[in-house]
Amino acid sequence: MPDSLILRASARYVLWAGLALSVFVLLRGHNEPGGGFIGGLIGALGFVFHALARGPSETRRVLRLDPLAWGGIGLLLATASGLPALLLHAEPLLTHQWIEGLPIGTAIPFDIGVYLVVLGFALAFVLPFLGEDSA
Amino acid sequence: MVLAIAPGPCDHRPMLALPAIPLLALTCVPVSAWAVRRAPRTAPWLAVLPAALFLLVLTLPDGAGFRLAWIPSLGVEISFHLDGLSRLFALLITGIGAGVYLYAASYLAGHAQLHRFLATLTLFMAAMLGAVLADDLLLLFVFWELTSLASFLLIGFDAHRAEARRAAQQGLMVTVAGGLAMLAGVLLLGRAAGSFSISEILAQGDALAGDPLAPWIVVLIAIGCFAKSAQWPLHFWLPNAMAAPTPVSAYLHSATMVKLGVYLLARLNPAFQDMALWQGLLTGAGAATMLAGAVLALRERDLKRKLAWSTVVALGTLVMLIGIQDPLATTAAIVFLLVHALYKASLFLIAGIVDKKAGTRDAMQLRGLGRRMPLTAAAALLAGLSMAGAPGFIGALAKDLLFTVHVGLPGLLPGIALVVNAAMVVVAGVVAARPFMGAPMRTEQTAKDPPVAMLVAPLVLGGLGLLLGMAPQLVAATIIEPAAAAMLGRPTGIALAQKQGGMLVLTMSLGALALGLLMFLGWRRIQPTLAGQGWLDAYGPDAGYGRAMRGLAVGATALTRRVQGGSLRRYLAASLVLVFGGAGLLLAARGGLALPAPGLWATPAQLALATVIAAGALAACRIRALFGQVMAAGLVGFGVGILFLTLGAADLAFTQFTVEILAIVLLVAILARLPFHALDARGAGERRRDALLAIGVGATATAILLAVLSVPFDPAIQGWMGQAAVPEAKGRNVVNVVIVDFRALDTLGEIAVLLIAALAATVLLRRAGKPA
């Protein structure tokens, strides 16, 4: 990887900016273009940039968990968001429940789950190619 | 899911206690693992679970039922039903289970994996209980397969032994393959009967036998039951299952697993008993199994394997009795089932004790243990006498019933019964008497009686054989007759306490006993002759199984070597030709080639974008430098993204851009890391062929897209989604609403696939990093 001081120094800020953008895109997705799929991809781009600048081992430290673990958490979250319908209201799995009068409901954790799976998926694929550590 | 506890057609009392039986056992699986792991001395106390369930089953009223909708659209229910037949089986499973738990805790005391063993045993018991109590055929099937899985784990418990692994795999292959046939039979049965409920199916009487599907149903279900209940020629897995720890063998052979096939045949008997096919299949397979098992039992020297072959004989006898349509045969089947469960469990447990104390299971070597192990010898004697059908034991009652049925049968069957029963006398003698008789053998350690915990079950079970033989009225009206009536579909009208049969039967009984004694005395000489018949092993089904499995491995290796040549370009070409060639041919053959209506043709801006995309694609083909190719491909990707934008698909464009960036970064990173020396080693001919392939794929894709666009578009769905998005899903972005709400289940499936793909890729990438 090219070793550039500017790249190295800016990596952290670009990562956080990218993550902030990705979360913004994730949350606005229900009304404007965006959502978990796109948000997850943008988040992954942030990490990829970080890995390019600092090496994937550093990125894995920032991630704390293995990308696959993040993906697993996402899948669990998405599945769990479908359970209230089944268990509390005797409706089919993933019939999203809403708080009366507010646009807040189980669709939000579901989309966050999608976000995490896409993020984990993309990083699990890309990170091994970005540096010497094949983790 | 709707919680509906409604009475079924035959049950009057909805009982929550009924589903609680398998549920409680299932709950105890993790609990037992946890408790025994933390404190191994709690292990014997686990026997309280089956003992409590035994009492529960005993007290529940006949006809108790429970129904809960599971998959209402398919008519599948979580439903349980208790009648005489299921009660008898549940009592055997829990009663013998209690003894087995107590024995196992002592037998495997100090074993590092005791907790795993007991948890698996509990899972197995739960599955068995679920299977015999289930009233829904598909629920029964689920539990049925669960018993196969649990027994796989139990047989392969000593996983470090190759023999145990092979036996576990073999048992699984045979029973699950049979289970597959059974599933097909069950589905057909549900279709023919219009219901998966066993009580509803049985309520139709013998009407089902006239259904055109009936022969298929009978054959398929029989295959499943024969595989499970080790009927010839699928009997070979059972003796190999002896690789399991002894308590498992005792449990598998007496009350569970192999009896499940017998249970289902008995369960469905009322519906099919008048079919000649049913009778022929069952009596034929049963008689063949009896005979094969008897021969193989006689030539065996290993105590456990000898008992295993005698189980094959017993299973053949049971299946044959189910196939004979005579109330007497029905009663005989039920009595023999009980008799066999009692003595077989006891004898297996004793064989385990002998193995442990004397250090061998070779019947030829075992001698004179009786004086040092008096209690074990007493238990063995009780069980062995019942097995041999000695007067006074319940085994004699079963044998009388058996012969009474047989004297009325045509052809060789009475003779077969006589010889087979004599062989059982020999097995009883060799396993239960011979090791304890005569001058003491030399053993490495002093052989002595085991702890009481290991003797309780053999002594109680053996004692029951004598008690019930003296006083059959204890169970005649409460256990035997209700079970037989359920199997026959009506009361049998047979009073058990009476002496069955006349002089002929008495002669046969005594004849079998005498012949058996004679053969027992000469067994030392008979056995080597029989064991010398090597062709029995060389051409037996076990050897056939081995050959089939080896053939499978060889064939798979050859196929893999052929198909997986290692050339990425070849794989790609093969995949493309297959997918696009197939799709293109299908499209052409079905006359799907069409041009869309002119209104869909592009605007000037889109045409310009299309030109850019085409130029990028061409450039990617022409540029020789890899980096340049990546950039050109990127041009195509971004061009498509902008095209999406001009069509108002913002989400799609957004995704396209991010994916494109990721792909370029990834490609560049790979190119930077990997040394590409020969950029393109293809010859001119290969290049032409690849170009043709690429053009063909592109043309096919275009044709498909044009065909899709030419189908009139129904705006109703789009309109509905647009209208419903805000009120139903609180979102204005219809694309996202579709993804996370309207089609959330699809999305869940997709992200699951994504994660699985990432898992597989991670494994491959990790392996690629390491030297092979």
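So, how was this worked out
Residues numbered from 1 in each chain as written. Chains lettered and ligands numbered in written order. Predicted model: local features only at pLDDT ≥ 70, side-chain atom pairs only at ≥ 80, totals over all residues. Helix = DSSP H or I, 4+ residues; strand = E, 2+ residues; numbered from the N terminus. Buried ≥ 20, exposed ≤ 12 C-beta atoms within 10 Å, placed from the backbone. Contact = placed C-beta atoms within 7 Å. Nonpolar A, V, L, I, M, F, W, Y, C, P; charged D, E, K, R; others polar. pLDDT = per-residue confidence, 0-100. Domains from an automatic or database assignment. Pairing = 2+ DSSP bridges. Axes fitted to C-alpha atoms, helices over the stretch in contact; angles between N-to-C directions. Parallel < 35°, antiparallel > 145°, perpendicular 65-115°, else oblique. Left-handed = near helix turned anticlockwise from the far one by under 90°. Expected span 1.5 Å × (residues − 1). Arc of directions from axis to C-beta.

### So, the overall build of chain A
Looking only at helices and strands, chain A features six helices and zero strands. Starting at the N terminus, the α and β elements of chain A follow one another as α-α-α-α-α-α. Dimensions of chain A along its principal axes, counting C-alpha atoms only, are 55 × 30 × 20 Å. The buried share of chain A, reckoned over its 135 residues, is 46%.

### Structural notes on the overall build of chain B
Counting its regular elements, chain B contains 31 helices and three strands. The principal-axis extents of the C-alpha atoms in chain B amount to approximately 105 × 60 × 55 Å. Here chain B, with 772 residues, has 45% of them falling under the buried criterion. Put simply, 79% of the contacts in chain B that link residues at least 6 apart link residues at least 24 apart.

### Section: the interface of chain B and chain A
Between chain B and chain A, the residue contacts involve 40 residues of the former and 46 residues of the latter. Of all the elements in the fold, those that place two or more residues in the side of chain B that touches chain A are helix H27 (650-673), helix H30 (734-742) and helix H31 (744-769) of chain B. Sorting elements by how many residues they give to the side of chain B that touches chain A places H31 of chain B first, with 15 residues. Taken together, the residues of the side of chain B that touches chain A break down into 26 nonpolar, eight polar and six charged.

### Focus on unusual backbone geometry
The residue after Trp-232 of chain B, namely Pro-233 of chain B, is reached through a cis peptide bond having omega 5 degrees. With respect to the helices, strands and loops of the structure, Pro-233 of chain B is situated in the loop between helix H8 (214-228) and helix H9 (237-240). Positive phi is not limited to glycine here, since Arg-64 of chain A has a value of about 65 degrees. Inspection of the secondary structure assignment puts Arg-64 of chain A in the loop between helix H3 (56-63) and helix H4 (67-81).

### Some words on the confidence of the model for chain B
Residue and element names in this part refer to chain B. A residue-level look at chain B finds 95% of positions with pLDDT of 70 or above and a mean pLDDT of 85. In the model of chain B, strand E1 (residues 13-14) stands out as the element of lowest mean pLDDT, 54, in contrast to helix H5 (residues 137-155), which has the highest, 93. Low pLDDT, under 50, characterises residues 1-12; the stretch is placed with 35 contacts to residues that sit more than four places away or in other chains. Among the scores for the predicted complex, ipTM is 0.91 and pTM is 0.72.

### Some words on the domain arrangement of chain B
If you check the domain split of chain B, you get domain 1 (276-548) and domain 2 (715-772). On a C-alpha basis, the centroid separation for the pair domain 1 of chain B and domain 2 of chain B is 60 Å.

### Remarks on the environment of Ser-195 of chain B
All names here are of chain B. Here Ser-195 shows up in the loop between helix H6 (162-193) and helix H7 (198-203). Residue Ser-195 is classed as partly exposed on the basis of its C-beta count, with 19 C-beta atoms lying within 10 Å. Linking Ser-195 and Leu-515, residues 320 residues apart in sequence, is a C-alpha distance of 50 Å. Residues contacting Ser-195, with those up to four places away along its chain left out, are Gly-75, Gly-190, Glu-200 and Ile-201.

### Regarding the pairing of strand E2 (residues 64-71) of chain B
Residues and elements named next belong to chain B. In the sheet, E2 pairs with strand E3 (residues 76-81) via six bridges, with the strands oriented antiparallel. Bridging from a neighbouring strand, Ile-71 pairs with Val-76 of E3. In textbook terms, the turn of a hairpin is the stretch between consecutive antiparallel strands, and for E2 and E3 this stretch comprises four residues, one of which, Gly-75, has a positive phi near 70 degrees.

### Some remarks on the environment of Ala-758 of chain B
Note that Ala-758 of chain B resides in helix H31. Its 22 C-beta neighbours within 10 Å are what place Ala-758 of chain B among the buried residues. Look past the residues within four positions of Ala-758 of chain B in its chain and what remains in contact with it is Leu-68, Gly-71, Gly-120, Phe-121, Ala-124 and Phe-125 of chain A.

### Some remarks on the packing of helix H16 (residues 394-407) of chain B against helix H17 (residues 413-433) of chain B
Residues and elements named next belong to chain B. It is the contact of H16 with H17, at a shortest axis distance of 8 Å, that shows an interaxial angle of 155 degrees. Relative to H17, H16 is oriented roughly antiparallel. In this structure, H16 crosses over H17, and the sense of that crossing is left-handed. Counting all contacts with H16, which are made through Lys-399, Leu-402, Phe-403, His-406 and Val-407, the residues of H17 involved are Leu-413, Pro-414, Ala-417 and Asn-421. In terms of residue class, the contact of H16 with H17 is built from six nonpolar, two polar and one charged.

### A word on H4 of chain A
All names here are of chain A. Taking 1.5 Å per residue, 15 residues should reach 21 Å; H4 reaches 21 Å between its end C-alpha atoms and fits that length. Those residues of H4 not exposed but buried are Pro-67, Trp-70, Gly-71, Gly-74, Leu-75, Ala-78 and Ser-81. Along the long axis of H4, the arc covered by the buried residues comes to 140 degrees, so they all point the same way.

### Let's talk about the environment of Leu-635 of chain B
Residue and element names in this part refer to chain B. Turning to its location among the elements, Leu-635 is positioned in helix H26 (residues 626-646). Through-space distance from the C-alpha of Leu-635 to that of Glu-660 is 9.4 Å; in sequence the pair is 25 residues apart. Discounting chain neighbours no more than four positions away, the residues touching Leu-635 are Val-612 and Gly-616.

### Focus: the packing of helix H14 (residues 327-358) of chain B against H16 of chain B
Each pair of packed helices can be summarised by the angle the axes make with each other and by the distance between the axes. Residues and elements named next belong to chain B. Between H14 and H16, whose axes approach to 9 Å, the crossing angle comes to 150 degrees. In the packing of H14 onto H16, the handedness of the crossing is left-handed. Contact with H14, carried on its side by Leu-328, Ala-329, Thr-331, Ala-332, Val-335, Phe-336, Val-339 and Tyr-343, involves Ile-394, Gly-395, Leu-397, Ala-398, Leu-401, Leu-402, Thr-404 and Val-405 of H16 and no other residues of that element. For the contact of H14 with H16, the per-class residue count stands at 13 nonpolar, three polar and no charged.

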